[in-house]
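Breakdown of the fold
Chain residues, written in single-letter form:
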Amino acid sequence: MPKKAKKIVSKTASKTPPKAAAKTPAKAATKRPANALDGATAERIANALEIIASRLAAASPTVDTAESLGAADAFVWHPDGRLAPVPRVSRVEIGLLKGVDRMRDILMENTERFADGLPANNALLWGARGMGKSSLVKAAHATLNRDRKAADRLKLIEIHREDIESLPGLMELLRSSPFRFIVFCDDLSFDGNDASYKSLKAVLEGGIEGRPDNVILYATSNRRHLLAREMIENERSTAINPGEAVEEKVSLSDRFGLWLGFHRCSQDEYLAMVKGYCDHFGIKIADDELEREALEWSTTRGSRSGRVAWQFTQELAGRLGVRLSGA
């Protein structure tokens, strides 16, 4: 019996070390690939982060210096932070805008006060389509800059309707500039559940920072309250407190201190626009024939406006072989 016991013990003792020895290399073998995999993954993540950081740095908005803003008188704002210079603004001479004499004088006076550093109001030009609202803004800007030194010239910056939410970023960029700016939004209006008008409200009046002293906002719209009538009526019919709901949306236009209304022109004003264009560009045609063709053109279009007068002038000039130089 003792001999058998010894044999069992010795066999057990002899088998134990190899098992322990086998376990140690196995653990080491499993750890090495895991460590190697973690290192490779970390390296790939680091490289990816470096690429992302470099691309974000390249795409980040660059602050425009005084030199870059002085390179042009007009710019287009892009929501990524860029101000793209416009070397040649599409505009007409202010003297060619007929039937808007009162609005022209008011806007010119307001713009001149602002250019001289005096208090001036944000302006909303609203009313009938094609009556020269945006043309008047561009013409007023060009007329005011005509006799000014480069350092005193106003800068015109157009912001598109769909980029209104980026307006606070534009204000931050312009606030520290030595120049004075007209920020212009053409055909401004809001529909449906569009809440971007709140960004405009905060900039016009009511925000903590407010509008910078060197910035004024001019906007054009076919709507006096910048909202569709059905939006206002819908608020009245569905809101718990209709009065408050409507006031929230209508109050936007109230933040423009200057309202200029443009209404449909008469037949005499329409003919005066056509004749003014023809005289300016040297289009030779008998007066009675010009009137007859101009009235026929407006009848086919179903309206009389400055835009219709300009379109007829282009048609007539093309037919007679006259180049509209400077148009």
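Structure report, in brief. (Residues numbered from 1 in each chain as written. Predicted model: local features only at pLDDT ≥ 70, side-chain atom pairs only at ≥ 80, totals over all residues. Heavy atoms only, no water.)

1. Notes on the environment of Val-308
Using the following cut-off: Numbering of helices and strands starts at the N terminus; helices are DSSP runs of H or I of at least 4 residues and strands are runs of E of at least 2. Any two residues having at least one pair of non-hydrogen atoms within 4.5 Å are treated as being in contact.
The topology assignment puts Val-308 in helix α11 (residues 306-320). Ignoring any residue separated from it by four or fewer positions in sequence, one finds Val-308 in contact with Tyr-270, Trp-297, Ser-298, Arg-301 and Ser-303.

2. A few points about the side chain of Ser-305
Spelled out, the test is: Working definition: with a 1.4 Å probe on protein chains only, accessible area under 20% of the residue-type maximum means buried, over 50% means exposed, and in between means partly exposed. Distance and chemistry together define a polar contact, namely a pair of N or O atoms within 3.5 Å, with one atom able to donate a hydrogen and the other to accept it when in protein, and with adjacent residues in sequence counting only for side-chain atoms on both sides.
Position of Ser-305 among the secondary structure elements: in the loop between α10 (287-301) and α11. Residue Ser-305 is classed as buried on the basis of its relative accessible area of 6%. At 3.3 Å, the side chain of Ser-305 forms a polar contact with the backbone nitrogen of Val-308. With residues up to four places along the chain from it excluded, the contact list for Ser-305 reads Arg-129, Gly-130, Met-131, Cys-265, Tyr-270 and Met-273.

3. A look at the packing of helix α9 (residues 267-281) against α10
Our working rule: Convention adopted: a line fitted to C-alpha atoms gives each axis, helices being fitted over their contacting stretch, and angles between N-to-C directions are expressed from 0 to 180 degrees. The scheme is simple: roughly parallel for angles under 35 degrees, roughly antiparallel for over 145, roughly perpendicular for 65 to 115, oblique for anything else. Crossings are classed by handedness, with left-handed meaning an anticlockwise turn of the near helix from the far one by less than a right angle and right-handed meaning a clockwise turn. The classification used treats Ala, Val, Leu, Ile, Met, Phe, Trp, Tyr, Cys and Pro as nonpolar, Asp, Glu, Lys and Arg as charged, and all other residues, Gly among them, as polar.
Two numbers describe how α9 lies on α10: the axes approach to 10 Å, and their chain directions differ by 120°. Judged by the angle between their axes, α9 and α10 are oblique. Considering only the axes of α9 and α10, their crossing is right-handed. Between α9 and α10, the contacting residues are Gln-267, Tyr-270, Leu-271, Val-274, Lys-275 and Cys-278 on the first element and Leu-290, Glu-291, Ala-294, Leu-295, Trp-297 and Ser-298 on the second. A per-class count over the contact of α9 with α10 returns 8 nonpolar, 2 polar and 2 charged.

4. Examining the side chain of His-141
Among the structural elements, His-141 can be located in helix α4 (residues 133-145). Looking at His-141, the relative accessible area reads 5%, which means it is buried. In terms of polar contacts, His-141 uses its side chain to reach the side chain of Asn-145, at 3.1 Å. Ignoring anything within four residues of it in the chain, the contact list for His-141 reads Asp-73, Leu-154, Lys-155 and Leu-156.

5. Topic: a nonpolar patch on the surface
Note the following rule: Patches were defined on residues exceeding 30% relative accessible area and lacking a salt bridge, with like-charge contacts within 9 Å and nonpolar side-chain contacts (Val, Leu, Ile, Met, Phe, Trp, Tyr) within 5 Å. Reported accessibility uses the Shrake-Rupley method at a 1.4 Å probe radius. Residues are deemed covered only where the shown protein chains occlude them. We define a salt bridge as a contact between a side-chain nitrogen of Lys or Arg and a carboxyl oxygen of Asp or Glu at a distance within 4 Å.
A cluster of nonpolar side chains, namely Ile-45, Leu-49 and Ile-52, defines an oily patch on the protein surface of about 290 Å² accessible area. With respect to the element layout, Ile-45 can be found in helix α1 (residues 2-59). Exposure remark for Ile-45: the relative accessible area of 47% places this residue in the partly exposed category.

6. A closer look at a negative patch on the surface
Note the threshold: Only four residue types enter the charge count: Lys and Arg as positive, Asp and Glu as negative, with His and the chain ends excluded. For this purpose, a charge sits on NZ of Lys, CZ of Arg, CG of Asp or CD of Glu.
A cluster of like negative charges, contributed by Asp-279, Asp-287, Asp-288 and Glu-289, occupies part of the molecular surface. Sorting elements by how many residues they give to the negative patch places α10 first, with 3 residues. Relative to the assigned elements, Glu-289 resides in helix α10. On the basis of relative accessibility, which here comes to 34%, the residue Glu-289 falls in the partly exposed class.

7. What about the nonpolar core?
This is how the line gets drawn: Throughout this description, the term nonpolar core refers to a set of buried Ala, Val, Leu, Ile, Met, Phe, Trp, Tyr and Cys residues connected via side-chain atoms within 4.5 Å.
If you look at the biggest cluster of nonpolar residues, it comprises 49 residues, and the most contacted ones within it are Leu-107, Leu-125, Leu-136, Tyr-218, Phe-262, Tyr-270 and Val-274. If one sorts the elements of this core by residue count, α9 sits on top with 7 residues. If you look at the next biggest cluster of nonpolar residues, it comprises 28 residues, including Phe-75, Met-171, Leu-204 and Val-215.

8. Regarding the pairing of strand β5 (residues 181-185)
Counted only if it meets this: Note: two strands are recorded as paired if DSSP finds a minimum of 2 bridges between them. When the strands point away from the viewer, a crossover counts as right-handed if the path from the first strand over the helix to the second runs clockwise.
With respect to burial, β5 is a largely interior element, 5 of its 5 residues being buried. The side-chain alternation of β5 yields two buried faces, one formed by Phe-181, Val-183 and Cys-185 and the other by Ile-182 and Phe-184. Strand direction decides the pairing type here: strand β4 (residues 155-158) and β5, joined by 4 bridges, are parallel. Across the sheet, the residue bridging to Lys-155 is Phe-181, located in β5. A crossover links β4 with its parallel partner β5, the connecting element being helix α5 (residues 167-175), and its sense is right-handed. Of the strand pairs in this sheet, β5 and strand β6 (residues 215-221) are connected by 5 bridges, and their pairing is parallel. Following the sheet pairing, Phe-184 is matched in β6 by Tyr-218.

9. Some remarks on the packing of aromatic side chains
Defined as follows: The pairing test for Phe, Tyr and Trp rings, Trp by its six-membered ring, is centres within 6.5 Å, and the orientation test on the planes gives stacked under 30 degrees, edge-to-face over 60, and tilted for anything in between. We call a charge positioned above a ring when the Lys NZ or Arg CZ atom is no farther than 6 Å from the ring centre and deviates by at most 35 degrees from the ring normal.
Taken as a whole, this structure holds 3 aromatic pairs when the rule is applied. Ring geometry for Trp-297 and Phe-312: centres 6.0 Å apart, planes at 55°, overall tilted. With Trp-297 in helix α10 and Phe-312 in helix α11, the pair connects residues that are 15 residues apart, well separated along the chain. You can call Trp-297 partly exposed: its relative accessible area is 23%. These aromatic residues form a ring-pair network of at least three members: Tyr-277, Phe-281 and Trp-310. Against the face of Phe-179 rests Lys-155, its NZ or CZ located 4.7 Å from the ring centre. A cation over a ring is seen here: Arg-180 above Phe-114, with NZ or CZ 4.4 Å from the ring centre.

10. Let's talk about the sheet that holds strand β3 (residues 123-127)
The strand order β2-β1-β4-β5-β6-β3-β7 describes an open sheet built from 7 strands, whose pairing is mixed. The sheet terminates laterally at β2 (82-85) and β7 (258-262), the two strands that pair on one side only. Strand-to-strand, the axes of this sheet are offset by a mean angle of 25°, without reference to chain direction. Where strand β1 (residues 74-78) and β4 come together, 3 bridges link them in parallel fashion. From the neighbouring strand, Val-76 faces β4, where its bridge partner is Glu-158. Contacting β3, β5, β6 and β7, helix α3 (residues 101-115) runs over the sheet at an angle of about 155° to β7. Lying on the sheet, α5 is in contact with β1, β2, β4, β5 and β6; it crosses β5 at an angle near 165°.

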